[in-house]
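Breakdown of the fold
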Amino acid sequence: MITLDAVTKMYPKSRRPALDDISVQVEKGEFVFFIGPSGSGKSTFIKLLLREEVPTQGKVWIAGKDLAAIRSWKVPQLRRSIGCVFQDFRLLPNKTAAENVAFALEVIGKTRPVIRRIVPEVLSLVGLEGKENRYPNELSGGEQQRVAVARAFVNRPLVLLADEPTGNLDPDTSIEIMRLLDRINRTGTTVVMVTHDANIVNQMRRRVVELDRGRVVRDQNRGVYG
Amino acid sequence: MRAKFVLSEAATGLWRNVTMTIAMIITTAISLALLGAGGLLYVQIQETKDLLRNKVEVMVFLKDDASPQDKKALEEKFRDDSLVRDFEFESREQAHERFKELFKHSPDFVAGVSKQALPESYRVRLKNPGDYSALADEYKSEKGVSRVSSQQETVSQLFAMIDAIKNTTFIVAVMQAVAALLLMANTIQVAAYSRRREVSIMKLVGASNWYVRLPFVLEAAIAGLIGALLAWLGLVVAKVMLIDKALKPIFTSGLIPVIEWSDIMMTGPILAMVAIVVAGVTGWSTLRFYVKV
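Described in the following lines is the structure provided in the data block. (Residues numbered from 1 in each chain as written. Chains lettered and ligands numbered in written order. Predicted model: local features only at pLDDT ≥ 70, side-chain atom pairs only at ≥ 80, totals over all residues. Heavy atoms only, no water.)

1. Side note on the overall build of chain B
The number of helices and strands found in chain B is 11 helices and four strands. Taking all 293 residues of chain B together, 42% fall into the buried category. Considering only contacts in chain B between residues 6 or more positions apart, those separated by 24 or more positions represent 84%. When the accessible surface of chain B is split by element, carbon and sulfur atoms take 65% of a total near 15700 Å². (Helix = DSSP H or I, 4+ residues; strand = E, 2+ residues; numbered from the N terminus. Buried < 20%, exposed > 50% of the residue type's maximum accessible area, 1.4 Å probe, protein only. Contact = heavy atoms within 4.5 Å. Areas by Shrake-Rupley, 256 points an atom, 1.4 Å probe, with all protein chains shown as cover.)

2. Observations regarding the packing of helix α9 (residues 209–246) of chain B against helix α11 (residues 261–290) of chain B
Residues and elements named next belong to chain B. Where α9 contacts α11, the axes come no closer than 7 Å and their chain directions differ by 155 degrees. Classified by the angle between their axes, α9 and α11 sit roughly antiparallel to one another. The crossing of α9 and α11 is right-handed. Taken together, the residues of the contact of α9 with α11 sort by class into 22 nonpolar, five polar and four charged. (Axes fitted to C-alpha atoms, helices over the stretch in contact; angles between N-to-C directions. Parallel < 35°, antiparallel > 145°, perpendicular 65-115°, else oblique. Left-handed = near helix turned anticlockwise from the far one by under 90°. Nonpolar A, V, L, I, M, F, W, Y, C, P; charged D, E, K, R; others polar.)

3. Examining the interface of chain A and chain B
Facing 25 residues of chain A, the contacting portion of chain B comprises 17 residues. Here chain A meets chain B over a buried area of about 1900 Å², counting both sides, of which 62% is carbon and sulfur. It is R79, F103 and V107 of chain A in chain A that bury the most area against chain B; as a group they hold 28% of the surface buried on that side. In this assembly, chain A and chain B are joined by zero salt bridges. The interface formed by chain A and chain B includes three residue pairs in polar contact (both at pLDDT 80 or more). Mapped onto the side of chain A that touches chain B, the elements with two or more residues apiece are α2 (75–80), β6 (82–86) and α3 (97–106) of chain A. Class assignment for the residues of the side of chain A that touches chain B results in 13 nonpolar, four polar and eight charged. (Buried area = accessible area lost by both parts, 1.4 Å probe. Salt bridge = Lys/Arg side-chain N within 4 Å of Asp/Glu carboxyl O. Polar contact = N/O pair within 3.5 Å; in protein donor to acceptor, adjacent residues only side chain to side chain.)

4. With respect to the sheet that holds strand β7 (residues 159–163) of chain A
Residue and element names in this part refer to chain A. Strand order across the open sheet formed by six strands is β6-β7-β8-β3-β9-β10, with mixed pairing between neighbours. Since the sheet does not close on itself, it has two edges, and those belong to β6 and β10 (215–220), each with one partner. Within this sheet the neighbouring strands show an average axis-to-axis angle of 15 degrees, counted without direction. Set on the sheet, helix α6 (residues 171–186) makes contact with β3 (31–35), β7 and β8 (190–195); between it and β3 the angle comes to about 135 degrees. (Pairing = 2+ DSSP bridges.)

5. Overview of the side chain of R51 of chain A
Residues and elements named next belong to chain A. Its location among the elements puts R51 in the loop between α1 (42–49) and β4 (57–62). Although R51 is buried, it makes no salt bridge; D66 carries the closest opposite charge, 7.7 Å away. Apart from the residues lying within four places of it in its own chain, the contact partners of R51 are L67, A68, I70, V75, L78 and R79. (Lys, Arg positive; Asp, Glu negative; His and termini not counted.)

6. Focus on the pattern of salt bridges
With the rule as written, the count across this model stands at 23 salt bridges over all chains. In this structure, E90 of chain B engages R98 of chain B in a salt bridge whose closest nitrogen and oxygen atoms are separated by 2.9 Å. Notably, a salt bridge pairs R195 of chain B with E219 of chain B, separated by 2.5 Å at the nearest N-O pair. Residue R195 of chain B is located in the loop between α7 (151–194) and α8 (196–204), and its partner E219 of chain B is located in helix α9; the two are separated by 24 residues in the primary sequence. By the burial criterion, R195 of chain B is buried, and E219 of chain B matches it. Salt bridges sharing common partners tie together E30, R207 and D219 of chain A.

7. Looking at α8 of chain B
For α8 of chain B, the full list of buried residues reads E198, V199, I201, M202 and L204 of chain B. Where α8 of chain B terminates, the next one or two residues include G206 of chain B, which has phi positive at roughly 90 degrees.

8. Comments concerning the packing of aromatic side chains
Per the counting criterion, the structure on display carries eight aromatic pairs over all chains. Arranged with centres 5.3 Å apart and planes meeting at 55 degrees, the rings of F31 of chain A and F33 of chain A form a pair that is tilted. Of the two residues, F31 of chain A and F33 of chain A, neither departs from the other in class, the shared state being buried. Ring centres of F78 of chain B and F87 of chain B lie 5.1 Å apart, and the angle between their planes is 40 degrees; this geometry places the pair in the tilted category. Residue placement shows K77 of chain B over the ring face of Y139 of chain B; its charged tip is 4.8 Å from the ring centre. The ring centre of Y193 of chain B lies 4.0 Å from the NZ or CZ of R196 of chain B, which sits over that ring. (Phe/Tyr/Trp six-rings, centres within 6.5 Å; stacked < 30°, edge-to-face > 60°. Lys NZ or Arg CZ within 6 Å of the ring centre and 35° of its normal.)

9. Topic: the nonpolar core
Nonpolar side chains tend to gather and get buried jointly when the protein is soluble and globular. Residues and elements named next belong to chain A. Core analysis: the biggest nonpolar cluster contains 40 residues, and F33 and L181 have the highest contact counts within it. Elements with a minimum of two residues in this core: β3, α3, α4 (112–125), α5 (141–153), β7, α6, β8 and α7 (198–204). With six residues, α5 is the largest single contributor of residues to this core. Beyond its immediate stretch of four places on either side in the chain, F33 contacts M178, M193, T195, I200, V201, M204, R206, R207, V208 and V209. Formed by 31 residues, the second largest nonpolar core is a distinct cluster that contains I2, F45, V159 and L161. (Core = buried A, V, L, I, M, F, W, Y, C linked by side-chain atoms within 4.5 Å.)

Structure below.
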């Protein structure tokens, strides 16, 4: 599903590459943790997958497509096949939970009947029944992240990218979010999660890829944080 | 759905940034009004030139002591002259009548000028109005002739004046247009900045480029359109107040054709088109720099 082939990324003003000749493959339906300290290249990895950046050398493939070969006006198409969840939720404060999810559908041109059908479905999937009309500031952190997950998943993406999704949550809430991601993974969606959270990695016992200074230092099935 | 979404985004944007929006509308309106006025003057000059081409007369004024023999000799010469199409004698009485007609809006001035003050003259129409100076050279030293003058002199002065007004108008219009453009670009930047959260989310979930940019471009286009409407209303007011009232004597003299309502009406859609195209292009190119994929 995701292939990085000898990828190096140099930023113009830095002497050391953010990613240094890394090759990783993620199969369809896999659940992979990317761990590593700050500056290890995790964020760059996410930016490459979203094609916010292109590699200096090497190639990134998603679902058989070479991202460097995608024309810039087709990048939105790529992003529709990738769902994203972030540490800071990134919800629109002036829209309700349901409207936040609907917004993602509106801007890719889905019709109103489709939106009205799908939004309640996906909100109940993430366990927010009855809270559709709450605004983000009326929801707890865990609930806000559920809205974000619902928005990321509502298009049934091939890949779900989660960038420290539990970074702002307490341990119990974190586990709930992980259960949710696990359920989404079981529907066949590939999940790539970048995290610092050792507890979660140790509990989940999934594949772990550890990065350090832009290199892969460990790639282990059913791994722990280490 | 799509249209409604995009329109409501644009309306929200305009309202959120209302002081800037008003500034943008005013500068756009002034710029377009001047542009429209300049355009009208340009058309005016062309029409005036065409009109005068067929009407211009050379006036051969006679000395007070010109004898009947002098007149007869002159008439002979006119008849044989290949430059002359036809000619007409104007007596003091006729000159006075014409004078009264021309200045009927200032009766005091008319009353102050006696019949004797106006010379007799021949009004000569040329085959080719460009031959004025050749004719003037030919006749100015004839016996009994005091001087040869042409409306062309007055007219060319008038043209020079209108030209100057037109050019000034265009220069000010261009400067205003630059200000309007910068304000448009700035408004769009501010709008894009104040909505960076929405924009980043839109890009994240895969909204297409035009879907992200259109509300901003539309914002500029709507403001531009309102500006164009105000500019056009300004021209309408100018037509009613200036041309039809204050400057009426100039036009009734018949030298300059009146700026017609049809001309004013025509400028409306043209200004609107200019506004929309400029706003659209400005918006799109600004966003290429500020809202990257």
